[in-house]
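# Commentary on secondary and tertiary structure
Listed below are the residues making up each chain.
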Amino acid sequence: IHEIRAVEVQTPQGGEQAVSAEAKSTMPGATDWLRVGPKIGGVLPRGDLKAGFVLGLAVEMPLAVLGVLTDLRLGGFALDVSAYLEGGYSPMRQQDEVLIPGRGRAKLIQSSMVLPFDVGARVRVDIGVPVLLYGGLGLAMDIQRTELQVFSTPAVQENDVSFGVAFGIGGALPVGPG
């Protein structure tokens, strides 16, 4: 998204007038073909699993590169629409003693690993501060692997894949050129 502004300039001698044109990008990274950055966050699982972290990689391509959805504005703010793909890794663990009827207390160890993937569209809003606000909507796929061990029995492993809708809002801090 670019802004072109024409400014009338009066020269000091003879009162002649000239027009000066200035072009600038109104959205950081608006001329980028591809944006790549780390994804860092936390995970608060349901149940007894302990809170963990998520590390990943986010790749974004502005749709303006393809000539689609260019020069969008919301009020006085520039909008940047892009397609995105994100992937990550999130380990979670639970180690507890559980009461099993007829056997008493037993040690339970559960280790889970989740590989989250999202693909969709994101809209970023330039509000004039270094942080860009964004909202996104897409398709989510999570690959889970869980290993469960109770007593001194061999560990049991389970794998699963789940699909759902991914949506979110947040902020982005652009770093580096563009």
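Position labels on residues start from 1 in each chain and follow its written sequence. Local features in this predicted model are restricted to residues whose pLDDT is 70 or higher, and side-chain atom pairs enter the listing and the counts only when it is 80 or higher, whereas totals over whole chains, interfaces and linings include all residues. Computation of side-chain values: all heavy atoms of the structure, hydrogens and water removed.

### Looking at the overall build of the chain
Only DSSP runs of H or I with at least four residues qualify as helices, and only runs of E with at least two residues qualify as strands; both kinds are numbered from the N terminus onward. Looking only at helices and strands, the chain has 0 helices and 9 strands in total. Reading the secondary structure of the chain in the N-to-C direction produces β-β-β-β-β-β-β-β-β. Within the chain, the proportion of its 178 residues that are buried is 25%. Contacts are assigned to residue pairs that have any heavy atoms within 4.5 Å of one another. Expressed as a percentage of contacts within the chain between residues at least 6 apart in sequence, the contacts between residues at least 24 apart total 56%. Note on areas: Shrake-Rupley with a 1.4 Å probe; residue coverage comes only from the protein chains shown. Accessible area of the chain: about 11,800 Å², with a carbon and sulfur share of 62%. Burial status follows relative accessibility: with a 1.4 Å probe on protein chains alone, a residue under 20% of its type maximum counts as buried, one over 50% as exposed, and anything between as partly exposed.

### Topic: the pairing of strand E8 (residues 132–150)
A pair of strands is labelled paired if DSSP reports no fewer than 2 bridges between them. Two strands pair when backbone bridges link them, and strand E7 (residues 104–126) and E8 are joined in this way by 18 bridges, in the antiparallel orientation. Bridge pairing in E8 links Val125 to Leu133. The hairpin formed by E7 and E8 contains 5 residues between the paired strands, and Gly128 there has a positive phi angle of roughly 90 degrees. Sheet topology places E8 next to strand E9 (residues 156–172); 17 bridges connect them, and they run antiparallel. Within E9, the residue paired with Gly136 across the bridge is Gly168. Hairpin remark: E8 followed by E9, antiparallel, with 5 residues in the connecting loop; positive phi at Phe151, about 60 degrees.

### What to know about the packing of aromatic side chains
Planes of paired rings set the category: under 30 degrees apart is stacked, over 60 is edge-to-face and the rest tilted, where pairs are Phe, Tyr or Trp rings (Trp by its six-membered ring) whose centres lie within 6.5 Å. Scanning the model with the defined rule gives 0 aromatic pairs in all. Residue placement shows Arg122 over the ring face of Tyr134; its charged tip is 4.9 Å from the ring centre. A ring is considered to have a charge above it if a Lys NZ or an Arg CZ atom is located within 6 Å of its centre and within 35 degrees of its normal.

### Observations regarding the environment of Leu115
Mapped onto the elements, Leu115 comes out in strand E7. By relative accessible area, which is 24% here, Leu115 ends up partly exposed. When sequence neighbours within four positions are dropped, the list of residues in contact with Leu115 reads Gly88, Tyr89, Met141, Asp142 and Ile143.

### Focus: the pattern of salt bridges
A side-chain nitrogen of Lys or Arg and a carboxyl oxygen of Asp or Glu constitute a salt bridge if their distance falls within 4 Å. Within the structure shown, the criterion is met by 7 salt bridges. For Glu60, the salt bridge is made with Arg35, and the minimal N-O distance between the two is 3.0 Å. Here Glu60, found in strand E4 (residues 52–62), pairs with Arg35, found in strand E3 (residues 35–43); they are 25 residues apart in sequence, far enough to count as distant. The residues Glu60 and Arg35 share a single accessibility class, namely buried. Residue Arg35 pairs with Asp80 through a salt bridge whose shortest N-O separation is 2.8 Å.

### So, the confidence of the model for the chain
pLDDT is a per-residue confidence score from the predictor, ranging from 0 to 100. When pLDDT is averaged along the chain, the result is 79; 81% of the residues meet or exceed 70. Within the chain, the lowest mean pLDDT, 45, falls on strand E2 (residues 17–25), and the highest, 92, falls on E4. Ignoring residues within four places in sequence, the model shows residues 1–7, a span with pLDDT below 50, making 29 contacts including any to other chains. Low pLDDT (under 50) marks residues 17–30, which in the prediction has 47 contacts with non-local residues, meaning those over four places away or in another chain.

### Considering the side chain of Ser82
When you line up the elements, Ser82 lands in strand E6 (residues 77–100). What makes Ser82 buried here is its relative accessible area of 0%. Within polar-contact distance, the side chain of Ser82 engages the side chain of Glu60 at 2.7 Å. Contacts of Ser82, omitting those with residues within four sequence positions, involve Arg35, Glu60, Met61, Pro62, Leu63, Gly120, Ala121 and Arg122. Residues adjacent in sequence count toward polar contacts only when both atoms are side-chain atoms; beyond that, a polar contact is any pair of N or O atoms within 3.5 Å, and within protein one must be able to donate a hydrogen and the other to accept it.

### So, the side chain of Arg35
Arg35 sits in the buried class, given a relative accessible area of 11%. Of note is the side chain of Arg35, whose polar atom sits 2.8 Å from the side chain of Asp80.

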